[in-house]
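Residues per chain are reported as follows:
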Amino acid sequence: MAQIFEGSTKVDNYTHVAQLAQVQAASSLVVHKQKQTIALFYFNGRVYAIDNRCPHMGFPLKGSTCKDGIVTCPWHYARFDLASGGTFDSWADDVPCFPVEIRNGEVWVNLAPTVDLDSHHRQRLQDGLEQNISLVIAKSTIALLNMSAKHVSQSGRTISHRAEIWYSL
């Protein structure tokens, strides 16, 4: 599965979200800024920021455990790398992560988008079809349909062509 969430953004949109001491004391904290709900985690001397919504089924990541830099969703146990947002489970999606800066004891998070959603959903559709994961297929298809039916058709033709090659071997 391709990792699509990158640590840097094209646009700087850093927003103050919390005091460093507040995050350190709680070890995890949920904040709401610019229509985003973000889960902050303090691990190994650093603050990490990820979307508070689990990409598997949309439940909040608030209350997740964080051990050895791995966040585990308390609802269905999907696991994510805290630094990159990458999932360890093929049936879940990567969780968006955000760059963090500490400025004078304050936590600032860059909320600028870090991913091309079209490419991401196309890749997820391909992953779901190749691995026969119906939840991933459904979620990526719905997302692509919401963006444009043209993309679903293009992705379907690509996978159909690959399937013909695989079955002919």
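Residues numbered from 1 in each chain as written. Predicted model: local features only at pLDDT ≥ 70, side-chain atom pairs only at ≥ 80, totals over all residues. Heavy atoms only, no water.

**Q** How would you explain the overall build of the protein chain if you had to name every residue and give the values?
**A** Of regular secondary structure, the protein chain possesses four helices and 10 strands. Shown N-terminal to C-terminal, the secondary structure of the protein chain runs as helices and strands in the order β-α-β-β-β-β-β-β-β-β-β-α-α-α. Residue pairs in contact within the protein chain that sit at least 24 positions apart in sequence constitute 48% of those at least 6 positions apart. When the accessible surface of the protein chain is summed, it comes to about 9500 Å², and 52% of that surface belongs to carbon and sulfur atoms. (Helix = DSSP H or I, 4+ residues; strand = E, 2+ residues; numbered from the N terminus. Contact = heavy atoms within 4.5 Å. Areas by Shrake-Rupley, 256 points an atom, 1.4 Å probe, with all protein chains shown as cover.)

**Q** Before we move on, can you summarise the packing of aromatic side chains with the specific residues and values?
**A** Tallied over the entire structure, the rule returns one aromatic pair. Of note, Arg 103 hangs over the ring of Trp 108, and the distance from its end group to the ring centre comes to 4.6 Å. (Phe/Tyr/Trp six-rings, centres within 6.5 Å; stacked < 30°, edge-to-face > 60°. Lys NZ or Arg CZ within 6 Å of the ring centre and 35° of its normal.)

**Q** Tell me about helix α2 (residues 117-131), and please be specific about residues and values.
**A** Along an α-helix, residues three or four positions apart point the same way, because every turn accommodates 3.6 residues. For α2, with 15 residues, the first-to-last C-alpha span of 21 Å sits near the 21 Å given by 1.5 Å per residue. Listing the buried residues of α2 in full gives Asp 118, His 120, His 121, Arg 124, Leu 125, Gln 126, Asp 127 and Gly 128. Residue Asn 132 follows α2 closely and has a positive phi angle near 55°. (Expected span 1.5 Å × (residues − 1). Buried < 20%, exposed > 50% of the residue type's maximum accessible area, 1.4 Å probe, protein only.)

**Q** So what's going on with the pattern of salt bridges? Residues and values would help.
**A** Taken as a whole and assessed by the stated rule, the structure comprises three salt bridges. The partner of Asp 89 in a salt bridge is Arg 79, with the nearest N and O atoms 2.8 Å apart. Here Arg 79 lies in strand β7 (residues 79-81) and Asp 89 lies in the loop between β7 and β8 (97-98), a separation of 10 residues in the sequence. According to the relative accessible area criterion, Arg 79 is partly exposed, its value standing at 34%. For Arg 103, the salt bridge identified is with Glu 101, shortest N-O distance 2.8 Å. Residue class for Glu 101 comes out partly exposed when judged on its relative accessible area of 32%. (Salt bridge = Lys/Arg side-chain N within 4 Å of Asp/Glu carboxyl O.)

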